[in-house]
Amino acid sequence: MSVQRHLVLKTVAEVIGFVGGAIFVLSMGDGFRIWRIPFPWSAAVPIVVGIGVAFWVFKFIPARCPKCAGSAYAKGMEPVRYVCGGCGHIQWTD
């Protein structure tokens, strides 16, 4: 998959993780507690985990290098850059 498509799918997966974590919290009701932490902080745990799982999974799914069609992996956060394992080409994103 292209670098642009990989970045879009990664973002969509993170949004789904956020929404999934929020739905989990809302479905638990007022009694939702993790390790006796007050509600606002305990509600953040499933949301952060949902986002983190999506972010972590996409670190291991390669994009296609635009130069040699090899496997390019996302590195960094802001801006994300894709580094090809074959030719070493770096594709910067905006």
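Here the structure is a predicted model, which means the values were calculated and not measured.

Undergrad: Mind laying out the pairing of strand β3 (residues 81-84), listing which residues take part and the relevant values?
TA: Residues Tyr82 and Cys84 of β3 are buried on one face, while the alternating residues Arg81 and Val83, pointing to the opposite face, are not. Bridge count between strand β2 (residues 71-75) and β3: four bridges; the pairing is antiparallel. Paired with Ala72 across the two strands is Cys84, which belongs to β3. From the end of β2 to the start of β3, which pair antiparallel, there are five residues, and Gly76 there has a positive phi angle of about 80 degrees. In textbook terms, the turn of a hairpin is the stretch between consecutive antiparallel strands, and for β3 and strand β4 (residues 90-92) this stretch comprises five residues, one of which, Gly88, has a positive phi near 85 degrees.

Undergrad: If you had to explain the nonpolar core to someone new, which residues and values would you point to?
TA: Counting residues in hydrophobic clusters, the biggest one holds eight residues: Val3, Ala63, Cys65, Ala72, Ala74, Val80, Tyr82 and Cys84. For this core, the secondary structure elements donating two or more residues are β2 and β3. Not counting the four nearest positions on each side in its chain, Val3 is found in contact with Ala63, Arg64, Pro66, Tyr82, Gln91 and Thr93.

Undergrad: Can you lay out a nonpolar patch on the surface for me, pointing to particular residues and giving the numbers?
TA: Judged by side-chain polarity, Val15, Phe18, Val19, Ile23 and Ile51 come together as a nonpolar surface patch covering roughly 410 Å² of accessible area. With four residues, helix α1 (residues 3-28) is the single largest residue contributor to the nonpolar patch. The topology assignment puts Val15 in helix α1.

Cut-offs used in this document
- Residues numbered from 1 in each chain as written.
- Predicted model: local features only at pLDDT ≥ 70, side-chain atom pairs only at ≥ 80, totals over all residues.
- Heavy atoms only, no water.
- Buried < 20%, exposed > 50% of the residue type's maximum accessible area, 1.4 Å probe, protein only.
- Helix = DSSP H or I, 4+ residues; strand = E, 2+ residues; numbered from the N terminus.
- Pairing = 2+ DSSP bridges.
- Core = buried A, V, L, I, M, F, W, Y, C linked by side-chain atoms within 4.5 Å.
- Contact = heavy atoms within 4.5 Å.
- Patch = residues over 30% accessible without salt bridge, like charges linked within 9 Å, V, L, I, M, F, W, Y side chains within 5 Å.
- Areas by Shrake-Rupley, 256 points an atom, 1.4 Å probe, with all protein chains shown as cover.
- Salt bridge = Lys/Arg side-chain N within 4 Å of Asp/Glu carboxyl O.

Read these as layout, nothing more, since geometry by itself doesn't imply function.
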